[in-house]
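Understanding the architecture of this molecule
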Amino acid sequence: MTRYLPDDRRRKQEGEHLTNVVKVRFTDAELADIERAAEMTTGGRIAPLLHELSLEALEARRIKQAQLLDDLANGRTLDESARQVLAELMARNAERHLLDKVTQRAMA
């Protein structure tokens, strides 16, 4: 049985994850894991734990991207995972640029 009612606003409606990818939708098992970790580290408060995990993930991503850029700048060969990360970065930048252009035209 799910922990939330179908009309609970904390849970995304089916298919919304395809159009609104910014907010995270956790499964019941993932929520239970997060709550257990929060209980152990922050006295049961989930928000500080999620904040800390987010900061750690951002720092790890920043370090990986810096290493990738350093490898590119110094002409080192890239392994398959680095090429995948580079392709994702380029796609994300292209998407961001395209969305900025669309937004500018829509507001004009």
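For the structure, see preceding data.
Residues numbered from 1 in each chain as written. Predicted model: local features only at pLDDT ≥ 70, side-chain atom pairs only at ≥ 80, totals over all residues. Heavy atoms only, no water.

1. Points about helix α2 (residues 28-42)
For an α-helix the count is 3.6 residues per turn, leaving residues at separations of three or four pointing the same way. Between the first and last C-alpha of α2 there are 20 Å, a value that for 15 residues agrees with the 21 Å anticipated at 1.5 Å per step. Within the sequence span of α2, burial applies to L31, I34, A38 and T42. Buried residues of α2 fall within an arc of 60° about the axis and therefore sit on the same side. Looking at α2, the residues exposed on the side facing more than 90 degrees away from the buried face are A29, R36, E39 and M40. Where α2 is buried, its residues meet α3 (46-73). Count one or two residues on from α2 and you reach G43, which has phi positive near 70°. (Helix = DSSP H or I, 4+ residues; strand = E, 2+ residues; numbered from the N terminus. Expected span 1.5 Å × (residues − 1). Buried < 20%, exposed > 50% of the residue type's maximum accessible area, 1.4 Å probe, protein only. Arc of directions from axis to C-beta. Contact = heavy atoms within 4.5 Å.)

2. Quick notes on the packing of α2 against α3
Packing of α2 against α3 brings their axes to within 8 Å, and their N-to-C directions diverge by 95°. Taken together, α2 and α3 sit at an angle that is classed as roughly perpendicular. Contacts between α2 and α3 involve I34, E35, A37, A38, T41 and T42 on the former and, on the latter, I46, P48, L49 and L50. Taken together, the residues of the contact of α2 with α3 sort by class into seven nonpolar, two polar and one charged. (Axes fitted to C-alpha atoms, helices over the stretch in contact; angles between N-to-C directions. Parallel < 35°, antiparallel > 145°, perpendicular 65-115°, else oblique. Nonpolar A, V, L, I, M, F, W, Y, C, P; charged D, E, K, R; others polar.)

3. Some remarks on the pattern of salt bridges
Tallied over the entire structure, the rule returns four salt bridges. Its salt-bridge partner being D33, residue R36 comes within 2.2 Å of it at the nearest N-O pair. Linking R36 with D33, this pair stays in helix α2, spanning three residues, or about one helical turn. Residue D33 is classed as partly exposed on the basis of its relative accessible area, which comes to 43%. Residue R76 is joined to D70 by a salt bridge in which the shortest nitrogen-to-oxygen separation is 3.1 Å. A residue is classified by how much of its surface remains accessible, and R76, at 41% relative accessible area, is partly exposed. Several salt bridges converge on common partners, so that one network encompasses D70, D71 and R76. (Salt bridge = Lys/Arg side-chain N within 4 Å of Asp/Glu carboxyl O.)

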